[in-house]
Amino acid sequence: MVRDPFAVDTPQLQDVLDALDDPDCRTIIKHVEEPMTASELAETCEIPLSTMYRKLELLSEASLLEERIEVRTDGRHTTRYDLGFEEVRVGLDEDRSIEVAIKRREQTPDRRLSELWSEVRKEI
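Nothing here was measured: the structure is a model prediction, and the numbers come from that model.

Criteria and thresholds
Residues numbered from 1 in each chain as written. Predicted model: local features only at pLDDT ≥ 70, side-chain atom pairs only at ≥ 80, totals over all residues. Heavy atoms only, no water. Helix = DSSP H or I, 4+ residues; strand = E, 2+ residues; numbered from the N terminus. Buried < 20%, exposed > 50% of the residue type's maximum accessible area, 1.4 Å probe, protein only. Contact = heavy atoms within 4.5 Å. Areas by Shrake-Rupley, 256 points an atom, 1.4 Å probe, with all protein chains shown as cover. Salt bridge = Lys/Arg side-chain N within 4 Å of Asp/Glu carboxyl O.

Some remarks on the overall build of the protein
For the protein, the count of helices and strands is five helices and four strands. The buried share of the protein, taken over its 124 residues, is 35%. Restricting to contacts in the protein with at least 6 residues of sequence separation, those with at least 24 account for 51%. As presented, the protein carries roughly 8200 Å² of accessible surface, and 48% of it is formed by carbon and sulfur atoms.

Quick notes on the pattern of salt bridges
Tallied over the full model, the rule gives six salt bridges. The salt bridge partner of Glu86 is Lys103, with a shortest N-O separation of 3.8 Å. Taken together, the residues span a long stretch of sequence, with Glu86 in the loop between strand S2 (78-83) and strand S3 (87-92) and Lys103 in strand S4 (residues 98-103) at a distance of 17 residues. A salt bridge links Glu87 to Arg89; the nearest nitrogen and oxygen atoms lie 2.6 Å apart. In this structure Arg89 comes out as exposed when scored by relative accessible area, which is 53%. The structure contains a network of salt bridges with shared partners spanning Glu66, Arg68 and Asp82.

So, the environment of Lys103
Relative accessible area serves as the criterion here: at 47%, Lys103 is assigned to the partly exposed category. Along the sequence, Lys103 and Arg89 sit 14 residues apart, while their C-alpha atoms lie 8.3 Å from each other.

Okay, here's the thing in structure tokens:
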């Protein structure tokens, strides 16, 4: 089943806290100024590529990074990672339970198409 790429994901509080608590994840967030590949991020952040993939998974699960498929005419598509948020807030709800709220970045048509393609590729 293909996930609706336009639906808003609500990450688990612990996933967000785990990602933000990780120094490598914070370094990655700091350096993502435009969509980048895992290799580009590993070089820029000086993090081994094998570690980088684990950190990218952690950030993606927390909905802090978005995976985008760059479609190429030669058929060799590339995954690029971009920030998926403008702001993260941790606070108390009316029941005094801790909750997380993530303010998303604006969805451009290119970003929507990329997300849709990413979901289709997962199903192939």
